[in-house]
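If you want the building blocks of each chain, they are given just below.
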Amino acid sequence: MSDGSPRYDCHRDLGPYAGVADLLRRIAADRRRLAARHRVELAAIAPQRAPGRRTAADEAPIRFHPARRTAALAYGATEFVADWADTLRRPVTLRFGHVGAADETTRELLDTLAGRLDTDRVRLDLRDDGPARAPAEPGPEAVRTVLGESLAAGFYHHAARTARHGRTLVTPHDDLRHWWAFTTGLATALAALDRATEALDLYHETRTVTDDPKITMSAAYATAMLYARHLPADAQDPARARHWLAQALRLARTLPDPRQRVLSTVFYEQGVALLDSREGEPERALRLIDDGLSRLTAVLAPGERPQDVARLRHNRAQVHLALGDPQRALAELDTVIGHDPDNCEYYVDRAALHRAAGRHRAAIRDHGSAIRLGPHLPEAYYNRAVLYQERGRTGRARDDLGRVLAIDPGHLDARIALVNLHLEQGAPDAAEAGARAGLALAPDEPALLCTLGLIRSERGDPAGAEELFSRALAGDPELVEAWTNRATVRFDRGEVAAAVTDLDRAVALSTAPVPRYNRGTALARLGRFDEAARDFADALTRPGVDRSLRRELRAELTRCRRRTG
């Protein structure tokens, strides 16, 4: 992989991660121990296919990855390449061709590499040209297999292109089976890419060209889920979702195969349970899930379809939580993970229960599992950072928050937490840079405006700080920190009555001691010692009063009582 290395062909016709997957395989073959630390992302991006492996299209997977997973894969693969680059004795150039015609996954990974690699060690030579390629003309069965694999892997742009191509090869009149596979595959990919309205049109189209019971049954269920989950919020419609679920269940109950009849009805009923739970009927949802599990286990052999069983039990755990029974929810999640130990979602849910019960170490372990399996799940990194910070491990918290933002620069909660962490650690330059980076993505984000205002105040720009606090309050009138900090600016400028007005709002919104201490200080400056004494006394009763603040409150309370005695 020196200057004599080959040019990796990135053309989208070669599939997701074309070119970059070849690079990763070469590095993995040369650095097996390093590759072992990145097993999950390498298996997703550059799988080693075993002879006779069943395709995803044949397996009909029930788990679909979120579209944003590719950003996490790109992060993990880039860390792998960066670690490899650190071992090189001389600089190398990595050459890639047909970059302009690359699949979205390839371009995303190349962009991530370009932003992360040390150019003194690795230079990327990205070109749009490359050797001429003879057009491939696979048949419908081969295209269907590729479509199934792309959907199962979560490579939805490639899946959508493949499905569209498949629809040009057949018609519903000459090959209904393949036409339906391409149509429902396209709809699935579009829904994952937040284009659910287009997916809905495809299912409506299906009902106009066929009355095949199995196809119309599947289309009805998929339509229900679009109305229940995937359409924009203002277009979701629980009543329509129930209508289409009823259609799917009516057709499922007519299936001639008794086993398939049970499988289909049980899984379609989970959609009904979802709607019941959302509409404040968790008991009804629980009855439906319990009944479904009983019927499902009656037709399955021991150990058969463990992911399907896990999904129903996960639904039951969520309903137990809605019913206010976290212990039963936790026990259910333990069983769920036993059935499907490679699903990162289940570890995140269990970590939340551990954290709520104060079992922080167990929560951190579960988030670590989710990060390993995701891989690099941003929410797991963020949640683990919060736990680290609560335990005083600020270095680890900072590292995890940095990882979140490397994967998802638009993750505002992580951005805000990292900015505030920099500020608490006496790094105002880093805090300001982080706040400005966040505001470039979300110009009116109140928490970032408030933090930037605090920095401006500490740097001697009270007018600029007040403007930022006011902008923050325009966006979020319940942001206590903005009321409190704007009050401080006004107090320091001698506008004490205006500061009291701001602190009145802060006290009304918060039970914390600091707004009461600050208001008491401002009231005392105005000579309103009785009111100030009440604020100081009230603040002393609030939770979260540290030793230093308690000493200040007692001293101020004593002074006020002397003035009024």
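This write-up is about the structure you can find in this document. (Residues numbered from 1 in each chain as written. Predicted model: local features only at pLDDT ≥ 70, side-chain atom pairs only at ≥ 80, totals over all residues. Heavy atoms only, no water.)

### Some points on the nonpolar core
- Formed by 44 residues in total, the largest nonpolar core has its most connected members in Tyr-203 and Leu-226.
- Those elements that place two or more of their residues in this core are helix H7 (140–153), helix H8 (156–169), helix H9 (176–192), helix H10 (196–209), helix H11 (213–230), helix H12 (238–252) and helix H13 (258–278).
- Among the elements that line this core, the one with the most residues is H11, at 10 residues.
- Non-local contacts of Tyr-203, meaning those with residues more than four positions away in its chain, are made with Trp-180, Thr-184, Ala-187, Thr-188, Ala-219, Ala-222, Thr-223 and Leu-226.
- Counting residues in each nonpolar core, the second largest holds 36 residues, with Tyr-17, Ile-27, Ala-102 and Leu-117 among its members. (Core = buried A, V, L, I, M, F, W, Y, C linked by side-chain atoms within 4.5 Å. Buried < 20%, exposed > 50% of the residue type's maximum accessible area, 1.4 Å probe, protein only. Helix = DSSP H or I, 4+ residues; strand = E, 2+ residues; numbered from the N terminus. Contact = heavy atoms within 4.5 Å.)

### A word on the packing of helix H24 (residues 462–475) against helix H25 (residues 480–492)
- Taken N-terminus to C-terminus, the directions of H24 and H25 make an angle of 155 degrees; their axes are 9 Å apart at the nearest point. Between H24 and H25, the crossing angle belongs to the class labelled roughly antiparallel. Regarding H24 and H25, the two cross each other, and that crossing is left-handed. Contacts from Pro-462, Ala-465, Glu-466, Phe-469, Ser-470, Ala-472 and Leu-473 of H24 reach H25 at Ala-482, Trp-483, Asn-485, Arg-486, Val-489 and Arg-490.
- In terms of residue class, the contact of H24 with H25 is built from eight nonpolar, two polar and three charged. (Axes fitted to C-alpha atoms, helices over the stretch in contact; angles between N-to-C directions. Parallel < 35°, antiparallel > 145°, perpendicular 65-115°, else oblique. Left-handed = near helix turned anticlockwise from the far one by under 90°. Nonpolar A, V, L, I, M, F, W, Y, C, P; charged D, E, K, R; others polar.)

### Some thoughts on the layout of surface pockets
- The space that makes up the second largest pocket amounts to roughly 330 Å³.
- In terms of lining, the second largest pocket is formed by Ile-416, Asn-420, Leu-423, Glu-424, Ala-447, Cys-450, Thr-451, Leu-454, Glu-458, Leu-479, Glu-481 and Asn-485.
- Only helix H21 (412–424), helix H23 (446–458) and H25 provide two or more residues apiece to the lining of the second largest pocket.
- Of all the elements, H23 adds the most residues to the lining of the second largest pocket, at five residues.
- Of the residues that constitute the lining of the second largest pocket, the class distribution is six nonpolar, three polar and three charged. (1 Å grid on protein atoms, 1.4 Å probe; cavity = no way out; pocket = protein on both sides within 12 Å on 5 of 7 lines; lining within 4 Å. Points joined across faces, edges and corners; volume = space filled by probe spheres on them.)

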